[in-house]
Amino acid sequence: MLKPIATATRDLVKLDGVWKFGIDSRLPEEPWLAALDTPLEAAVPASYNDLFTDPAIRDHVGWVYYQRSVQVPRGWAGERILLRFDAATHSAKVYVDDQLVGGHIGGYTPFDIDVTEVVKPGTAFRLTVAVSPDLTNTTIPPGKIEVGMTGAKTQTYFHDFYNYAGLARSVSLYSLPQVHVDDVTVVTTFEGTTGLVDYRVETVGGADVRVSLADADGSVVATASGLQGRLEIADVVLWKPGAAYLYELTVEVVDGEDVLDTYSLSVGVRTVAVRGEEFLVNGEPFYFTGFGKHEDTFVRGKGHDDAYMVHDFQLMEWTGANSFRTSHYPYAEDVLDFADRHGILVIDETAAVGLNMGVVGGLSGTPPFPTFSEQYAGAETHAAHAQHLRELIGRDKNHPSVVLWCIANEPASNEDGAPEYFEPLVNLVRELDPTRPITYSMVMFATFKNDQIIDLFDVVSLNRYYGWYINAGDLATAEMYLQGDIQGWIDRTGKPIMMLEYGADTMPGLHSVWDQVWTEEYQTDLLAMYHRVFDRFPQFVGEQIWNFADFATTNGLHRVGGNKKGIFTRERRPKSAAFALRQRWRGLDGRKPGTDTDTGADA
């Protein structure tokens, strides 16, 4: 799915701003039939939950409604006219004036609705968007809705971050020519100093296609014609971690000399692969340093914010991070565009978090009923997961920053039924994108002795909390457990191994001379213990700390104002561990810490 952009043949109007807002219980039965009868207004993009002081809105179960007037430019006569929603969490219904024109299920991938036949250039229409935050056992991510003693509906979900909802990303109105580029797929490689860009174009309306590739200075370096082909770049400049170089591919649909449509996208020439126990970028071993993150800020919730995006990338660069994971859902595409331009590697993760009834069982890991069953993750859940993968890969397949697909976070891979659930999904991903390796982040209950699906995947990605949820305050014992755990995976798999989550909740300003949990010293010491262990294994290819910054969660006795495992506070103030990480990571240039070529930290 192509991101809407303005070109010589396409126009784009952003609909971001302040919209009328209301919840279903306080509106008429069919509120889209007229102007919303509400005094409230909500910002778009933003989650609605923290915008208001009313608790009934913050934790609402059911539909909420956004509404605004939209003016269609008068110059769009004869064009296709579409609405684009970059995301609506978790499902949406869209109305133009009184008419339902479409909808979408899934809260973190974009969708388009063609409104050509129901709007008129030069006139305005009433746009109403119904959004539901509800999660059930058939959604990705899953959850359940119950009716409490008060008669109110409550949402339970099985992931440890707040269920922010609403129109958290941009909304646009855009135009397309009747004959236009519908999709572009790019695959890159290189042979010696020659870059190779294989392209495939899909069009609507049928016409000739020509393509050109320009370098960063705007000089055309290769051309071709036809719906698919190969472009060769002499003296190619590769896209590298920390040294992004982007070419621009321009696709034109033509009728003779007339250009009917034009679309451009950035192309980074690079390769990624797994070779034995190594993860390779451009044929060279690469070591990941970075974070699991969240789209999470004060007031905005999961609302995309360019200022926070820029600052977060600056903080990652300050620490020496070269990568991050989009835990636990696809992020806004603007984030991937930024990573493309700045050479940051991305592990792109689906919204399949919570597929694990063992987590409900607590530290025992004993599920109340099987995870992979019609009672929980059955055929409908599997179909939703597959559709989510199609939409994720369709959106992100051309981003050079995306180097690894993570198709689930902490699933019950140790339970019966896991192979039957995941094997078709792995096959689907390999069919949709045979160029990138695949992984899943592994819950602590899934060990090298009982995990049932690792043979399907390319990279072993562990989430481990020795020294926190297990052996809290006893780092010596935690180190022994971690050492044995990693060795067990090496002996079993012969695959590259990385840590996608490890860390400790830390209250900024709390200090102690002893190994006292929640202190800044304990977080620093715990990370140092993990790093000692990582450095003992040449098969270990990366470390991504949980978490980049503190983030909001549901209420819980083990949470004080949310999850505090951040290296930075939610306001982006560094804790002591941030300085220790900077000392470890700066200057590595993708190399493993402690190797002979490690030049040490920058000043």
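Residues numbered from 1 in each chain as written. Predicted model: local features only at pLDDT ≥ 70, side-chain atom pairs only at ≥ 80, totals over all residues. Heavy atoms only, no water.

Enquirer: Whenever I open this one, helix α6 (residues 418-432) confuses me. Can you help?
Expert: Along an α-helix, residues three or four positions apart point the same way, because every turn accommodates 3.6 residues. Relative to the 21 Å expected for 15 residues at 1.5 Å per residue, α6 spans 21 Å between its end C-alpha atoms, a close match to the ideal helical length. For α6, the full list of buried residues reads Ala418, Tyr421, Phe422, Leu425, Val426, Leu428 and Val429. End-on view of α6: buried residues confined to an arc of 160°, all on one side of the axis. Pointing more than 90 degrees away from the buried face of α6 are the exposed residues Glu420 and Glu431. (Helix = DSSP H or I, 4+ residues; strand = E, 2+ residues; numbered from the N terminus. Expected span 1.5 Å × (residues − 1). Buried < 20%, exposed > 50% of the residue type's maximum accessible area, 1.4 Å probe, protein only. Arc of directions from axis to C-beta.)

Enquirer: For this particular structure, what's the right way to read the sheet that holds strand β15 (residues 208-214)?
Expert: Sheets are built from strands that pair by backbone hydrogen bonding, the pairs being arranged parallel or antiparallel. Spatial strand order, β16-β15-β18-β19: four strands in an open sheet with antiparallel pairing. Edge strands, defined here as strands with exactly one partner in the open sheet, are β16 (220-225) and β19 (258-267). Averaged over all adjacent pairs, the angle separating strand axes in this sheet is 20°, with direction ignored. (Pairing = 2+ DSSP bridges. Axes fitted to C-alpha atoms, helices over the stretch in contact; angles between N-to-C directions.)

Enquirer: What should I look at first to understand the environment of Asp59 in this one?
Expert: With respect to the helices, strands and loops of the structure, Asp59 is situated in the loop between α1 (55-58) and β4 (64-71). Of the residues examined, Asp59 reaches a relative accessible area of 48% and is grouped as partly exposed. Remark: the alpha-carbon pair of Asp59 and Pro538, spanning 479 residues in sequence, is separated by 47 Å. Within the local environment of Asp59, its side chain forms a polar contact with the side chain of Tyr162, the two groups lying 2.6 Å apart. (Polar contact = N/O pair within 3.5 Å; in protein donor to acceptor, adjacent residues only side chain to side chain.)

Enquirer: Sorry if this is basic, but what is going on with the pairing of β19 here?
Expert: Across a regular strand the side chains alternate sides, sitting on one face of the sheet and then on the other. Relative to β19, strand β18 (residues 247-255) runs antiparallel, the two being bridged by nine bridges. Of the residues in β19, the one forming a bridge with Val253 is Asp261.

Enquirer: How should the packing of helix α2 (residues 306-319) against helix α3 (residues 333-342) be read in this particular structure?
Expert: A pair of packed helices is characterised by two quantities: the angle between their axes and the separation of those axes. Relative orientation of the contacting elements α2 and α3 amounts to 35°, with a least axis distance of 11 Å. Handedness of the α2/α3 crossing: right-handed. The segment α2 lies against α3, with Asp306, Met309, Val310 and Phe313 engaging Asp334, Val335, Phe338 and Ala339. Across the contact of α2 with α3, the residue classes tally to six nonpolar, no polar and two charged. (Left-handed = near helix turned anticlockwise from the far one by under 90°. Contact = heavy atoms within 4.5 Å. Nonpolar A, V, L, I, M, F, W, Y, C, P; charged D, E, K, R; others polar.)

Enquirer: Looking at this structure, how should I read unusual backbone geometry?
Expert: Both trends apply: most residues other than glycine have a negative phi, and most peptide bonds are in trans. The linkage connecting Ile140 with the following residue, Pro141, adopts the cis geometry, with an omega of 0°. Inspection of the secondary structure assignment puts Pro141 in the loop between β9 (124-132) and β10 (143-147). In this structure, Asn547 follows Trp546 across a cis peptide bond, with omega equal to 15°. Relative to the assigned elements, Asn547 resides in the loop between β30 (540-546) and α9 (576-585).

Enquirer: Just checking my understanding: could you explain the layout of surface pockets for this structure?
Expert: To locate leftover empty space, one rolls a probe as large as a water molecule over the atoms. Here the largest pocket is characterised by a volume of approximately 1,200 Å³. Around the largest pocket, the lining comprises 39 residues; the ones closest to its centre are Val359, Glu410, Val443, Phe445 and Tyr469. Listing elements by their share of the lining of the largest pocket, those giving two or more residues are α4 (357-360) and α7 (475-493). Looking at the lining of the largest pocket, the element that brings in the most residues is α7, giving three residues. (1 Å grid on protein atoms, 1.4 Å probe; cavity = no way out; pocket = protein on both sides within 12 Å on 5 of 7 lines; lining within 4 Å. Points joined across faces, edges and corners; volume = space filled by probe spheres on them.)

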